[in-house]
Amino acid sequence: MAKALIIGAGGVAGVTVHKCVQNSAVFEEICIASRTKQKCDDLKAKLDGQGCKISTAQVNADNVNELVDLINDVQPDIVINLALPYQDLTIMDACLATKTHYLDTANYEPEDTAKFEYKWQWEYREKFEKAGITAILGSGFDPGVTGVFSAYAQKHYFDEINYIDILDCNAGDHGYPFATNFNPEINIREVSANGSYWENGDWIETAPMEIKKVYDFPEVGPKDMYLLHHEELESLALNIKGIKRIRFFMTFGESYLTHLKCLENVGMTSIEPIIYEGKEIIPLQFLKAVLPDPASLGPRTKGKTNIGCIYRGKKEGKDVNYYVYNVCDHEACYAEVGSQAVSYTTGVPAMIGAMLVVNGTWNKPGVHNVEELDPDPFMEALNTWGLPWVEDFNPTLVSE
Ligand code: NDP
């Protein structure tokens, strides 16, 4: 029986809170803490009395002292960080100070530089090991399940994996001309950055949206997808044996890309501060304020997501191709937890990773990416907790 402190009360946190409550055999108690306490109270009001004791708190997760006080007060077994990537290091510092396990879904990114890398969080490895506490990095879907899929493929089907293509398809339609499915600021920073892929030990950089492919996704159909840089490429390149190339593709519709181009052209996606009526504002943060809140897309979104990985490599000298993916239906997610599938596919793995740490299965002092740990219990839990996966040993490959 464990107690979790969940930081953040946005789209993803809402799903994790629902899943912890469903899994009250493990999570006897949770505390939801975020910048806007009202959002935590709203979640509590929805889910109170269902077997899991829920409390709420206000916290500024940029402030280590506030976090330390909160953790000392709540005394959780684990902190599940579902705030923004900017808060990763302050929350890790507070976990170190209080010797509490840590888990997140996105890697640290300094607020003033649109560049995400694991280097900052990997620097905590020795400190976490010495403190005897576990940090699990990137336990969402991508990163997260994509790393678990990779560890599972490596463990069961390959002697060496040479090529990985990660395919993230969202065929959901929310009816707005332009909206993002998770935090708009983080989403737009990610897709307007240069793309890159990893090949033979080097990063090959591409212009944003330069490489386009069409893929016929199972249960969804053919979609345009674009090569992006994505954080799990960095850790998978280190952790998967025999790897020669890893690419990441995400689908985007034409309307999304046309709007994004226009917003970029007029400077609305910039993270450089400007002075507006005597006050400093960041255009991208202003844009976030006028876009639909991702949490509000749930009731309007129809269609499915399909996220998975295609592996090519060798087993006992023979070529093996293997595709493993999950299909998730936006409306089914909304009916179950009141959120669309993008939040669902992130929030469920966050609960699963936290469960495996607190029940001892993934309790390994240090800082780890998910593919460094045993994938089997996680794969089993995906089937149990709403993200069943499908295997295909004869998949259509992504064109070269
Ligand atoms: P939201 O913007 O919906 O939620 C973020 C929450 O964090 C909000 O409740 C916000 O508070 C809170 N927050 C922000 N700053 C602070 C702060 N300084 N102190 C306390 N609370 C704060 O984002 P999402 O739920 O969509 O995303 C959550 C995380 O999940 C992000 O890091 C995102 O990158 C990651 N993600 C990972 C994916 C994966 O597959 N691995 C996929 C999708 C998302 P307030 O309500 O006041 O704004």
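Residues numbered from 1 in each chain as written. Predicted model: local features only at pLDDT ≥ 70, side-chain atom pairs only at ≥ 80, totals over all residues. Heavy atoms only, no water.

Asks: Please explain the domain arrangement of the chain as it appears in this structure.
Replies: One frequent convention defines the size of an interface as the accessible area lost when the parts assemble. In terms of domain boundaries, the chain breaks down into domain 1 (2-137) and domain 2 (145-337). Taken over C-alpha atoms, the centre of domain 1 sits 24 Å from the centre of domain 2. With 22 residues of domain 1 at the interface, the matching set in domain 2 holds 15 residues. Contact with domain 2 buries area across many residues of domain 1, yet Phe116, Tyr118 and Trp122 alone supply 33% of it, more than any other trio. Scanning the region where domain 1 abuts domain 2 turns up two salt bridges. Among the salt bridges present, the one from Glu109 reaches Arg189, with a minimum N-O distance of 2.8 Å. (Domains from an automatic or database assignment. Contact = heavy atoms within 4.5 Å. Buried area = accessible area lost by both parts, 1.4 Å probe. Salt bridge = Lys/Arg side-chain N within 4 Å of Asp/Glu carboxyl O.)

Asks: What's the story with the site of the ligand in this structure? I'm lost.
Replies: As a matter of local geometry, the ligand sits amid 28 residues, with Arg35, Thr36, Lys39, Ala61 and Asn183 nearest to it. With respect to the ligand, the side chain of Arg35 contributes an N or O atom lying 2.8 Å from an oxygen atom. A distance of 3.0 Å separates an oxygen atom of the ligand from a polar atom in the backbone of Phe141. About the coverage of the ligand: the protein hides 93% of its 930 Å² of free accessible area. The residue inventory of the shell around the ligand, partitioned by class, reads 13 nonpolar, eleven polar and four charged. In this structure, the shell around the ligand is formed jointly by two domains, domain 1 (2-137) and domain 2 (145-337), each of which donates at least three residues. (Near = heavy atom within 4 Å. Polar contact = N/O pair within 3.5 Å; in protein donor to acceptor, adjacent residues only side chain to side chain. Areas by Shrake-Rupley, 256 points an atom, 1.4 Å probe, with all protein chains shown as cover. Nonpolar A, V, L, I, M, F, W, Y, C, P; charged D, E, K, R; others polar.)

Asks: In this structure, what is going on with a negative patch on the surface? I would like to understand it.
Replies: Among the surface-exposed residues, Asp62, Glu111, Asp112 and Glu272 lie close enough to one another that they form a single negatively charged patch. Structurally, Asp112 can be placed in the loop between strand 5 (101-104) and helix 5 (119-122). Overall, Asp112 belongs to the exposed group, its relative accessible area being 62%. (Patch = residues over 30% accessible without salt bridge, like charges linked within 9 Å, V, L, I, M, F, W, Y side chains within 5 Å. Lys, Arg positive; Asp, Glu negative; His and termini not counted. Charge placed at Lys NZ, Arg CZ, Asp CG, Glu CD. Helix = DSSP H or I, 4+ residues; strand = E, 2+ residues; numbered from the N terminus. Buried < 20%, exposed > 50% of the residue type's maximum accessible area, 1.4 Å probe, protein only.)

Asks: In this structure, what is going on with the sheet that holds strand 4 (residues 78-81)? I would like to understand it.
Replies: Two modes of strand pairing occur in sheets, parallel and antiparallel, and in both the strands are linked by backbone hydrogen bonds. The seven strands lie next to each other as 3-2-1-4-5-6-17, forming an open sheet whose pairing is parallel. Each edge of the open sheet is held by one strand with a lone partner, namely strand 3 (53-58) and strand 17 (366-369). Direction aside, neighbouring strands of the sheet carry axes that sit 20° apart on average. Sheet topology note: the strand 6 (residues 134-137)/strand 17 ladder contains four bridges and is parallel. Residue Thr134 lies in a different strand from strand 17, and its bridge partner there is Gly366. The strands that helix 2 (residues 37-47) touches are strand 2 (27-34) and strand 3; relative to strand 3, the one it contacts most, it runs at about 170°. (Pairing = 2+ DSSP bridges. Axes fitted to C-alpha atoms, helices over the stretch in contact; angles between N-to-C directions.)

Asks: In this structure, what is going on with the pattern of salt bridges? I would like to understand it.
Replies: Note that side chains of opposite charge can pair when their charged atoms are close. Per the stated rule, a full pass over the model turns up 18 salt bridges. For Lys155, the salt bridge identified is with Asp376, shortest N-O distance 2.8 Å. In this pair, Lys155 sits in helix 7 (residues 145-156) while Asp376 sits in helix 14 (residues 376-384), placing the two residues 221 residues apart along the sequence. One connected set of salt bridges, linked through shared partners, spans Lys3, Glu29 and Lys53.

Asks: Explanation requested: the packing of aromatic side chains in the structure shown.
Replies: When we look at a pair of aromatic rings, we describe it by the centre distance and by the angle of the planes. For the coordinates displayed, the defined rule picks out 18 aromatic pairs. For the ring pair Tyr215 and Phe217, a centre distance of 5.1 Å and an interplane angle of 70° mean the geometry is edge-to-face. For the residue pair Tyr215 and Phe217, the accessibility class agrees, reading buried in each case. For the ring pair Phe252 and Tyr256, a centre distance of 5.1 Å and an interplane angle of 20° mean the geometry is stacked. Accessibility classification places Phe252 together with Tyr256 in one group, the buried group. Put simply, the rings of Tyr152, Tyr157, Phe158, Tyr311, Tyr322, Trp389 and Phe393 pair up and form one aromatic cluster. The residue whose ring lies beneath Arg312 is Tyr163, and the NZ or CZ to ring-centre distance is 4.5 Å. (Phe/Tyr/Trp six-rings, centres within 6.5 Å; stacked < 30°, edge-to-face > 60°. Lys NZ or Arg CZ within 6 Å of the ring centre and 35° of its normal.)

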